[in-house]
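# Results of the structural survey
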Amino acid sequence: MDPLTRLYPLPESSCCSFENYNLTTEWLLNQTNHRPKVAVICGSGLGLLADVATDKKIFRYQDIPNFPVSTVAGHEGCLVFGMIEDTPCVFMQGHFHLYEGYSLCQVTFPVRIFKLMGVETVLVTNASGGICPDFKVGDIMIMKDHINLPGFAGQHPLCGPNDERFGIRFPCMSDAYSKDLRRLTLDIVSELGCSNYVREGVYCMVSGPNFETIAEARMLRILGCDSVGMSTVPEVTVAKHCGLRVLGLSLITNKVSLDYSREEKVNHEEVLEISKMRTEVLQKLATMIITRCQQQSINTH
Ligand SMILES: O=P(O)(O)O[C@@H]1C[C@H](O)[C@@H](CO)O1
Ligand SMILES: Nc1nc2[nH]cnc2c(=O)[nH]1
C-alpha cells in the first residue's frame, strides 16, 4: 500500500479513487460516440439549457456507475450528451450539494469525469440570492470570483491526498474564472441587447440548506460578496485544479434581506420560478458562448 493511502484511508464506499473515475469515464465513453469539449453544469431550475442541444443521448444519474443522484426539486438528474451547432457538449441537468449529505468528492465527481473525457471548458450555472444592493431579481451575474466559505472551515474538495494526475498540490485560484470567457460573454450580452440585466460580481458559497439570517447576510456584504448560493465553488475549484477553463453564470433569483424591517421571505419555489423566467435568454447566451468559444479557440485559461 502506498504511504499516502495508509495515512488517509478512503472510506470503502468512496467514489474518489482514480480507478473509479476511470471506470465511470470508460462506461460512459462505451455507451456513446459523443466526445464532449464543453460541459455545462445546470443549477437549480436551469436544466432546460440542455433542450437546445441536438443529437442527444441521455443517461439518468442513477444508471451511471458511481454517480450520485439528485435529491432536490429543479434538478432533473440526467446527463445529456448533445451538439450545440458544431460543438460536442455534455450537460448536467442538476448538480450535487453538501446539504444533500454528499461529500465534496461526490459533489465534484462529474468534473473529473469530464476532464478524463477530454472536456476543455466548463460552464457552470446556479441560482443565487443578490446581496449587492444594485442587483435586481432576474439579473444574470457573470462570476468574476468567489469566496469559498466552507473551504475556510476545512470543507474543501482538494483536502486529502493530492492526485498529481489531476493537478498540483497547491493550485492558484486567483484566476479561477477565465478572463477571456468573461470578456466574450460581455460582448455577446451587448450584442443581444441585455446589458441592462447582466452584471459581474463575487459569488459566495455557504453550505445551506437554510437561507441566510440577516446578520449573516450583512456579514457577507461586508466581506465583499455580491451574491450567495449553496453550490458551484467546489466544482470550479476541482475544474481549475485539473486545468479546465471555467465560466460561471449566476442567476439572481431573489434579493437577500439585509434589513430587519423587510417582510418578504425567500423560498425554493420562488427560486425555481425566476429560473424558468430567464431560461430562454440563458439558453441563447449559453449557445452563443459555446459556439464562439470553440470557434475562437481561446488558449489562455
Ligand atoms: O443548485 P443551485 O446552487 O443552482 O441552487 C440554489 C442553492 C439551492 O440548491 C437552491 C435554493 O433555492 O438554489
Ligand atoms: N444561500 C442562498 N442560496 C440561494 N440560492 C438562491 N437564492 C439563495 C439565497 O438567497 N441564499
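Our subject is the structure that appears above.
The paragraphs below set out a description of the structure included in this document. (Residues numbered from 1 in each chain as written. Chains lettered and ligands numbered in written order. Predicted model: local features only at pLDDT ≥ 70, side-chain atom pairs only at ≥ 80, totals over all residues. Heavy atoms only, no water.)

### Thoughts on the site of ligand 1
Among the 13 residues in the neighbourhood of ligand 1, the closest are listed as Ser44, His97, Tyr99, Ser231 and His268. Taking His95, its side chain carries an N or O atom lying 2.8 Å from an oxygen atom of ligand 1. Residue His97 places a side-chain N or O atom 2.6 Å away from an oxygen atom belonging to ligand 1. Expressed as a share of its isolated accessible area of 330 Å², the protein-covered part of ligand 1 is 96%. Secondary structure elements with two or more residues in the shell around ligand 1: β5 (121-130) and α9 (268-277). A per-class count over the shell around ligand 1 returns 5 nonpolar, 8 polar and no charged. (Near = heavy atom within 4 Å. Polar contact = N/O pair within 3.5 Å; in protein donor to acceptor, adjacent residues only side chain to side chain. Areas by Shrake-Rupley, 256 points an atom, 1.4 Å probe, with all protein chains shown as cover. Helix = DSSP H or I, 4+ residues; strand = E, 2+ residues; numbered from the N terminus. Nonpolar A, V, L, I, M, F, W, Y, C, P; charged D, E, K, R; others polar.)

### What to know about the site of ligand 2
Taken together, 13 residues are adjacent to ligand 2, and Ala127, Gly129, Glu212, Gly229 and Asn254 come closest. Contacts to ligand 2 include Ala127, whose backbone N or O atom sits 3.3 Å from a nitrogen atom. One of the backbone N or O atoms of Val228 is found 3.5 Å from a nitrogen atom in ligand 2. When the free accessible area of ligand 2 is taken as 280 Å², the share hidden by the protein chains comes to 95%.

### Brief notes about the state of the cysteines
Following the criterion strictly, the structure yields 1 disulfide and no others. The disulfide bridge from Cys16 ends at Cys105, spanning 1.0 Å between sulfur atoms. Separated by 89 residues along the polypeptide, Cys16 in the loop between α1 (3-7) and α2 (18-31) and Cys105 in helix α3 (residues 104-107) bring together distant segments of the chain. Considered together, Cys16 and Cys105 belong to a single accessibility category, that of buried residues. The closest cysteine sulfur to the non-disulfide-bonded Cys89 is located on Cys293, 8.4 Å from its own sulfur. Overall, the relative accessible area of 1% leaves Cys89 in the buried class. Unpaired in terms of disulfides, Cys194 finds its nearest cysteine sulfur in Cys293, a separation of 17 Å. (Disulfide = S-S within 2.5 Å. Buried < 20%, exposed > 50% of the residue type's maximum accessible area, 1.4 Å probe, protein only.)

### Observations regarding helix α8 (residues 233-241)
In terms of residue burial, α8 counts as a mostly covered element, since 9 of its 9 residues are buried. Listing the buried residues of α8 in full gives Val233, Pro234, Glu235, Val236, Thr237, Val238, Ala239, Lys240 and His241. Positioned one or two residues after α8, Gly243 has a phi angle of 85 degrees, which is positive.

### Notes on the side chain of Asn254
Its place among the elements puts Asn254 in strand β9 (residues 245-255). Within the local environment of Asn254, its side chain forms a polar contact with the side chain of Thr253, the two groups lying 2.9 Å apart.

### A word on the packing of helix α6 (residues 179-192) against helix α10 (residues 279-296)
Contact geometry of α6 with α10 gives a least axis separation of 10 Å together with a crossing angle of 130 degrees. Taken as axis vectors, α6 and α10 run oblique relative to one another. For the element pair α6 and α10, the recorded crossing hand is right-handed. Residues Leu181, Leu184, Thr185, Ile188, Val189, Glu191 and Leu192 of α6 form the contact with α10, whose participating residues are Lys284, Leu285, Met288, Ile289, Arg292, Cys293 and Gln296. Here the residues of the contact of α6 with α10 are counted per class, giving 9 nonpolar, 2 polar and 3 charged. (Axes fitted to C-alpha atoms, helices over the stretch in contact; angles between N-to-C directions. Parallel < 35°, antiparallel > 145°, perpendicular 65-115°, else oblique. Left-handed = near helix turned anticlockwise from the far one by under 90°. Contact = heavy atoms within 4.5 Å.)

### Section: α2
End to end, α2 covers 20 Å across 14 residues, agreeing with the expected 20 Å (1.5 Å per residue, within 8%). If you check which residues of α2 are buried, you get Phe18, Asn20, Tyr21, Thr24, Thr25 and Leu28. Packed against the buried residues of α2 are β2 (54-60), β3 (78-84) and α4 (109-117). (Expected span 1.5 Å × (residues − 1).)

### Remarks on the nonpolar core
Ranked by internal contacts, the top residues of the largest apolar core, which has 46 residues, are Leu28, Leu79, Phe114 and Val122. No other element matches α4, which puts 5 residues into this core. Look past the residues within four positions of Leu28 in its chain and what remains in contact with it is Phe59, Ile64, Leu79, Phe81, Ile113 and Met117. If you look at the next biggest cluster of nonpolar residues, it comprises 34 residues, including Val38, Leu181, Ile188 and Leu251. (Core = buried A, V, L, I, M, F, W, Y, C linked by side-chain atoms within 4.5 Å.)

### Thoughts on the pairing of strand β4 (residues 87-93)
Within β4, 7 of the 7 residues are buried, which leaves it mostly tucked inside the rest of the structure. Pairing between strand β1 (residues 38-42) and β4: 5 bridges, direction parallel. Opposite Ile41, over in β4, you have Met92 as the bridge partner. The loop that links β3 with its antiparallel partner β4 comprises 2 residues; one of these, Glu85, has a positive phi angle of about 50 degrees. (Pairing = 2+ DSSP bridges.)

### Some points on the packing of aromatic side chains
All chains considered together, the criterion is met by 10 aromatic pairs. Pairing Tyr21 with Phe109 gives two aromatic rings, centres 5.1 Å apart and planes at 20 degrees, and the pair type is stacked. Within this pair, whereas Tyr21 is found in helix α2, its partner Phe109 is found in helix α4, the two being separated by 88 residues in sequence. Residue classification places Phe109 among the buried residues on the basis of a relative accessible area of 0%. Aromatic side chains Trp27 and Phe59 sit 5.7 Å apart centroid to centroid with 65 degrees between the ring planes, which places their arrangement in the edge-to-face category. Of this pair, Trp27 sits in helix α2 while Phe59 is found in strand β2, placing the two residues 32 residues apart along the sequence. (Phe/Tyr/Trp six-rings, centres within 6.5 Å; stacked < 30°, edge-to-face > 60°.)

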